[in-house]
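The residues making up each chain are set out below.
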Amino acid sequence: MFRIFKAELFKCRHNMSFFLSLLAAVPLGVLYCVICELDKTLSMAEILSGVVSYYNIFFIIMITMYVTNDYEKGTIKAIMSSGVSKSKIYFGRLMVSIFISEIMFVLAFAGAYAWGFFKGIPLVSEAMPWTVFEFAESVGVQMLIVAVYAMLGYFISVLIKKQMPAMIVAIAVINFEPLLIGKASELLGKDLSILDFNSMIEQIEMLNLSGSVLIGTGAFALVVFFLTFVIGTTVFKHRDI
């Protein structure tokens, strides 16, 4: 698995389009902060708590490009002939997907923070007197959400294999997830709102990091990992490449 992880990172480092896309994360973060700066009542804590929701489609597109590129160019066959088991290949490439997604998030976050610092936007406000711990908590939850985006994008890309259809389906799944959770709650007669992804993100943006938000985010991430890994590895192992 570590062998696959290193090989995939090496491939990413030597892919110019991928490298340029990573660099684009910083100015995208700056752009996000510039837009938010139009509302003079917002503090940096409030602005930075919304980075993940503002660029969720960007993360999804990058992951689907990374995964489907091997299928469309046929290089996945070389990976399969490396002698590593299919389950390790699936997991290793999943870890790379999460890793590069987190890098993109950190770069976008850094770009937004740097611009806010340069413009002198106050870190907190009287209405939202955040502590350092609460600020770090917000960053941690957003990074967990980025990992969920990566897992979903990777899983859908492996199933579909074609770049554009995979992007469309992944974006649709992210946007319609609250509707699916609502329908599941009705069918099961259970309150599954803790798994409503959009609701969690909205609470993070409102700086409402209660225990239920943290538990909900963690529970959602575990559910997504378990389902996508079990189904994904099963399909990957039994499909002809």
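Everything here concerns the structure above.
A brief look at the structure comes next. All of these numbers come straight from a predicted model, not from anything done at the bench.

Of the regular secondary structure elements, the protein chain holds eleven helices and zero strands. Listing every helix and strand of the protein chain by position from the N terminus yields α-α-α-α-α-α-α-α-α-α-α. For the protein chain, the residues scored as buried account for 45% of the 241 residues in total. Just so you have it, the protein chain exposes about 12100 Å², and 71% of that area is on carbon and sulfur atoms.

With that settled, the discussion passes to unusual backbone geometry. Positive phi, close to 75 degrees, is recorded for K161, a residue that is not glycine. Following the sequence through the fold, K161 ends up in the loop between helix 8 (132-160) and helix 9 (163-188). Taking relative accessible area as the criterion, K161 reaches 25% and is therefore assigned partly exposed.

In the contact formed by helix 5 (residues 56-73) and helix 8, the axes pass within 9 Å of each other and the chain directions differ by 35 degrees. With respect to the hand of their crossing, helix 5 and helix 8 are arranged in right-handed fashion. Two secondary-structure elements touch here, helix 5 through N56, F59, I60, I63, T64, V67, T68 and Y71 and helix 8 through V146, Y149, A150, G153, Y154, S157 and V158. By residue class, the composition of the contact of helix 5 with helix 8 is ten nonpolar, five polar and no charged.

Going through the model one piece at a time under the given rule, you end up with one salt bridge. Two residues, K119 and E37, come together in a salt bridge whose shortest N-O distance is 4.0 Å. One end of the pair, K119, is in helix 7 (residues 86-119); the other, E37, is in the loop between helix 2 (16-36) and helix 3 (44-48), and 82 residues separate them in sequence. Overall, E37 belongs to the buried group, its relative accessible area being 15%.

The next thing to look at is the packing of aromatic side chains. Summed over all chains, the structure comprises nine aromatic pairs. Taking 4.9 Å as the distance between ring centres and 70 degrees as the angle between the ring planes, the aromatic pair formed by Y90 and Y154 counts as edge-to-face. With a gap of 64 residues between them, Y90 in helix 7 and Y154 in helix 8 connect regions that are remote in the sequence. Summarising the burial analysis for this pair, Y90 and Y154 share the class buried. Geometrically, the ring pair formed by F105 and F109 is tilted, given 5.7 Å between the ring centres and 50 degrees between the ring planes. One end of the pair, F105, and the other, F109, are both in helix 7, four residues apart, so they sit about a helical turn from each other. The same class applies to F105 as to F109, namely buried. Grouped by ring-pair contacts, the aromatic residues Y90, F91, Y154, F225, F229 and F236 constitute a single cluster. The aromatic ring of Y66 is capped on one face by R93, whose charged end is 5.6 Å from the ring centroid.

Our next topic: the state of the cysteines. Following the criterion strictly, the structure yields zero disulfides and no others. Of all cysteine sulfurs in the structure, the one in C36 sits closest to C33, which takes part in no disulfide; the separation is 6.6 Å. On the basis of relative accessible area, C36 is assigned to the buried category, the value being 13%.

Attention now goes to the nonpolar core. The nonpolar side chains of soluble globular proteins are, as a tendency, buried together. In this structure, V51, F59, F105 and F236 are the most contacted members of the largest nonpolar core, which totals 62 residues. Dropping the residues within four chain positions of it, F59 is found in contact with V52, S101, M104, F105, V146 and Y149.

Let us now look at the environment of V173. Mapped onto the fold, V173 is located in helix 9. Taking C-alpha positions, V173 is 8.5 Å from L152, a pair spaced 21 residues apart along the chain.

Rules and cut-offs
- Here the residue numbering is sequential within each chain, running from 1 through the sequence in written order.
- The predicted origin of the model limits local features to residues at a pLDDT of at least 70 and limits the giving and counting of side-chain atom pairs to 80 or more, whereas totals for whole chains, interfaces and linings rest on all residues.
- The side-chain quantities take in all heavy atoms of the structure and omit both hydrogens and water.
- Numbering of helices and strands starts at the N terminus; helices are DSSP runs of H or I of at least 4 residues and strands are runs of E of at least 2.
- Each residue gets one of three labels from its accessible area relative to the maximum for its type: buried under 20%, exposed over 50%, partly exposed in between, using a 1.4 Å probe on protein chains only.
- Note on areas: these come from Shrake-Rupley sampling with a 1.4 Å probe, and a residue is covered only by the protein chains present in the view.
- Here, axes are lines fitted to C-alpha atoms. For helices the fit covers the stretch in contact, and angles between N-to-C directions go from 0 to 180 degrees.
- Put simply, a crossing is left-handed when the front helix is turned counterclockwise from the back one by less than a right angle, and right-handed when it is turned clockwise.
- Contacts were defined at the residue level, with two residues in contact if any of their heavy atoms lie within 4.5 Å.
- Each residue is assigned to one of three groups, with Ala, Val, Leu, Ile, Met, Phe, Trp, Tyr, Cys and Pro labelled nonpolar, Asp, Glu, Lys and Arg labelled charged, and all others, Gly among them, labelled polar.
- Salt-bridge detection follows one rule: a side-chain nitrogen of Lys or Arg within 4 Å of a carboxyl oxygen of Asp or Glu.
- Only the six-membered ring of Trp is used, alongside the rings of Phe and Tyr, when aromatic pairs are assigned; centres must lie within 6.5 Å, and planes under 30 degrees apart are stacked while those over 60 apart are edge-to-face, with the rest tilted.
- Counted as over-ring charges are cases with an Arg CZ or a Lys NZ within 6 Å of the ring centre that also lie within 35 degrees of the ring normal.
- Criterion for a disulfide: a pair of cysteine sulfur atoms within 2.5 Å.
- To define a nonpolar core, start from buried Ala, Val, Leu, Ile, Met, Phe, Trp, Tyr and Cys residues and group those joined through side-chain atoms within 4.5 Å.

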